[in-house]
Amino acid sequence: MTVSVQFHGHHRTTTRTSEIHIPLSKNTRVKDVITYVSDRYPDLQLADSKVLVLVNNSITPMDHALNPNDKITFLPPVGGG
Amino acid sequence: MKAIKNISYQPASIMGGYTDRILRLDLSSHAVSVQSLAPEFKEKYVGGRGYALKLVWDETTKDTRYDSPENILVMAGGPLCCEPRFPGTGKFIIGTISPLTDTFIDSNIGGHFSSLLKLCGFDALAITGISEKEVILIVNGDEGTIEIAEAPSYGEAVDDGALSYGTALMQELNGDGLDENVALVTTGIGAANARFGIVNSLFYDKRRQRIRSKQAGRGGTGTVMRRKGLRAVIVRSNLDRIGANKPADDRGVKEAGSSLKKVVSQMDRQQLRLSSWGTPVLIEYMDKYHLLPVNNYQYGRHPDARAIFADVFLNRYFEKKVPDGCYFGCNLACAKGAENVTLRHGPRAGQQVGVDGPEYETAGAVSCMGIFDPHFIMEYNWYCDEYGLDTISMGVTASFLMECAQRGYLSEEEAGYELKWGDVEVAHRLLHETALGHGFGKVCGLGVHRAKAWVAEHYAARTGEPVDRVLAELNKFAMETKGLEFSMYISKESLAQQGGYGFALKGPQHDEAWLIFIDQVHKELPTFEAKAQALKWFPLIRTWFNAVGLCKLPWIDVRHPEAAKTDNPAQNQPTLAYYVQYLNSTVGSNKTLQDVLDDSERLYILQKLINLRNGKGTRQSDRIPLRAMGPAFLNEYEAREDYYDEWLKEQLNGVEVPADREARHSLLVKLRREAFERLCDVVYQEKGFTSEAVPLPRTIEKFGLLDERARNLLTSFGVMDK
């Protein structure tokens, strides 16, 4: 069982991939995925003031427990110029 | 250059961001005058859009059209433009009666023009009349001269191009040495032939060693300028711009600017990266969330969209080592550009050009025609700028006509060729024909609203169907409201953005409210009331930026690190505090954010009055096409069938969803229409309007605008007694 993490914009070019899959263990939470991704890609800045974290296209708290096949996305604030 | 009139003047000094002077030009008589403003004028109308609104309200009537001699074309910065120590201070507004909407339009534009105009001693330039011969206006603040001259000719190819003509003019006036203390506005041949002509703002960029351009794109301001017989306005001043506003509190200006620049510097590279990627960065996110207006807004994404993501432009076209920006001191510097792009099509094929752009909107307009070719986007960008055409209205009108062909409303014989989606050759042909006023381009140059009527009449004549019935079908996918083409976002799945487009006073341009993400993605506006509050708050704060001469992007697209801790992160209030500090420090006021919103609401109400007077102010004028509310046709429903089926299930809350797909589509359309109408009711109440969208007398009186004209107008709508 895995969850996927999707990268867009400069996250995609920094990681050189648009998606990775992470093994899911019992009680894996959003914050665990953030830690995993940050360790794997130290150049990414994923603090909550910099990006919004979405699970299956909904903004989700950091302690939310993930389910198999969940899709995690990082979204910068977009206000529409 | 043949002078028609040359006068000397003493440039007024700037104090607290204002000169309190408007330069008036009557092109019918070639009269030049200086209008002095009483202090109450700036207190009530602020600057920029506010000045344009006041002049249009006072000097035009309900019968004034874009080409009427009394129509007034206003170019105005604001008290906060010009200062390089604060980011984004090169903005100004061009306001007038629009050839597309027949009511007030304004479009904001970057560059050095308004700052130099202010240094020449003028808060605004107001132009009336129509000149028999095409002329240019030269304002030289250094020499204290204002000259009207016959527009010089440099040969047809140069004369037809807004960029080419401006460059030739600047070179002639400056000798061979270009510099940053001269700026100009120009129009191209497209503005003479289409209703969506733009005004180009040209300035010299010494880093790129060429003239660059920004555009007042929306609503046909360039068409008005061209119709008046004004080819260009040149302003010159060698005065230093740092501190030129003579702020009341220089230290406060410096502090506010430093604070904002620090946030931009820290946060942009971790958020959208506008400083290196420019606004094309949005393409990827719009594609992901089904917001890219593919094939006239039928579909929100496309498998080929990857070919036009921002990193493609970054790696293939943008000069990465050059810090960009449309004005001094802006460290967001999002005005990306490319050098030595070889044109492959059109009358300039084979020529290498510098391209200023693309912006997201231009790439979106090309996706609207079903094209995902980055080189075509660069060419389309350059040709539209050179011709003086709005990339948005051009793309939306072309794609509307393509869909008319797709659905059988427009024959190949009528167009002269097959209007196919995704065909670069076809798109080029239609673009050049539109700019030059040739062939079917004459229909495209009308814009969607008038082209729709043309198609309906011809189809009705061909088939015998009643025109009204044909129009009703075309209205489902003709992406215009109030006569203006939609900007480049699909609003089907965001009711708040449907309101953002429908209620926008100028027509469906997102600069009043862009609520898609906070509504559709963040889900921060779950109720009608929350949507209504956002649909009041955002247009007011956004209007303020257009009144004071500032760019919105450092506020709206770079989130302050403290914003996440506030009640409403999308409002980005920690950053707005810097703007309020900058305002107070410049003009010497002691305003709060609420005071700023109140100032803005006065302007909003004034614009509403003009719309009412000109027949574009009631509930009927706020209605949007079906495609802006949901899937207009079954093919759109089928493209996201699982999503729409799920949406219906949630809405019906246990009631059985129809088994038949067409029945599900019809039900969804019914629910979407009902939701929009309910939103209208709630928003009008929030704004202090009647259910027909007419402001109540007390709403107008609150802002000191309930004079005899306003009373008579309200009486004509039957609301003075309410």
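Residues numbered from 1 in each chain as written. Chains lettered and ligands numbered in written order. Predicted model: local features only at pLDDT ≥ 70, side-chain atom pairs only at ≥ 80, totals over all residues.

**Student:** Outline the interface of chain A and chain B, listing residues and values.
**Tutor:** Each partner contributes residues to the interface: chain A has 17 residues there, and chain B has 27 residues. Those elements giving two or more residues to the side of chain A that touches chain B turn out to be α1 (9-15) and β4 (58-59) of chain A. For the side of chain A that touches chain B, the element with the most residues is α1 of chain A, which contributes 3 residues. Each residue belonging to the side of chain A that touches chain B can be placed in one class, and the counts come to 4 nonpolar, 11 polar and 2 charged. (Contact = placed C-beta atoms within 7 Å. Helix = DSSP H or I, 4+ residues; strand = E, 2+ residues; numbered from the N terminus. Nonpolar A, V, L, I, M, F, W, Y, C, P; charged D, E, K, R; others polar.)

**Student:** Describe the packing of helix α13 (residues 360-368) of chain B against helix α14 (residues 374-387) of chain B, listing the residues and the values that go with them.
**Tutor:** Residues and elements named next belong to chain B. Running from N to C, α13 and α14 cross one another at 115°; their axes reach a closest spacing of 10 Å. Between α13 and α14, the interaxial angle falls into the category roughly perpendicular. α14 is crossed by α13, and the crossing has right-handed handedness. Residues Thr-362, Ala-363 and Val-366 of α13 form the contact with α14, whose participating residues are Phe-376, Ile-377, Tyr-380 and Asn-381. Residues belonging to the contact of α13 with α14 are distributed by class as follows: 5 nonpolar, 2 polar and no charged. (Axes fitted to C-alpha atoms, helices over the stretch in contact; angles between N-to-C directions. Parallel < 35°, antiparallel > 145°, perpendicular 65-115°, else oblique. Left-handed = near helix turned anticlockwise from the far one by under 90°.)

**Student:** Break down the environment of Val-657 of chain B for me, with residues and values.
**Tutor:** Residues and elements named next belong to chain B. Along the chain, Val-657 falls in the loop between α30 (641-652) and α31 (661-687). What makes Val-657 partly exposed here is the crowd of 14 C-beta atoms within 10 Å. Distance in space between the C-alpha atoms of Val-657 and Ala-216 is 47 Å, their sequence separation being 441 residues. If we skip the residues at most four places from it in the chain, Val-657 touches Asp-645, Leu-648, Lys-649, Leu-652 and Arg-664. (Buried ≥ 20, exposed ≤ 12 C-beta atoms within 10 Å, placed from the backbone.)

**Student:** Give me the lowdown on unusual backbone geometry, citing residues and values where you can.
**Tutor:** All names here are of chain B. Cis geometry marks the peptide bond from Gly-357 to Pro-358, where omega comes out at 5°. Along the chain, Pro-358 falls in the loop between β15 (352-356) and α13. In this structure, Asp-20 is a non-glycine residue whose phi angle is positive, near 60°. In this fold, Asp-20 is placed in the loop between β1 (3-8) and β2 (21-26). In this structure Asp-20 comes out as partly exposed when scored by C-beta crowding, with 19 C-beta atoms within 10 Å.

**Student:** Describe in detail the confidence of the model for chain B, supporting the description with residues and values.
**Tutor:** When pLDDT is averaged along chain B, the result is 96; 99% of the residues meet or exceed 70. On the interface metric, ipTM, the complex scores 0.94, and its pTM is 0.97. (pLDDT = per-residue confidence, 0-100.)

**Student:** So what about the confidence of the model for chain A? Which residues, and what values?
**Tutor:** Low pLDDT means the predicted coordinates in that region are not meant to be read closely. Predicted confidence across chain A gives a mean pLDDT of 90, with 100% of residues reaching 70 or more. Across chain A, strand β1 (residues 2-6) of chain A holds the top mean pLDDT of 95, while β4 of chain A sits lowest at 86.

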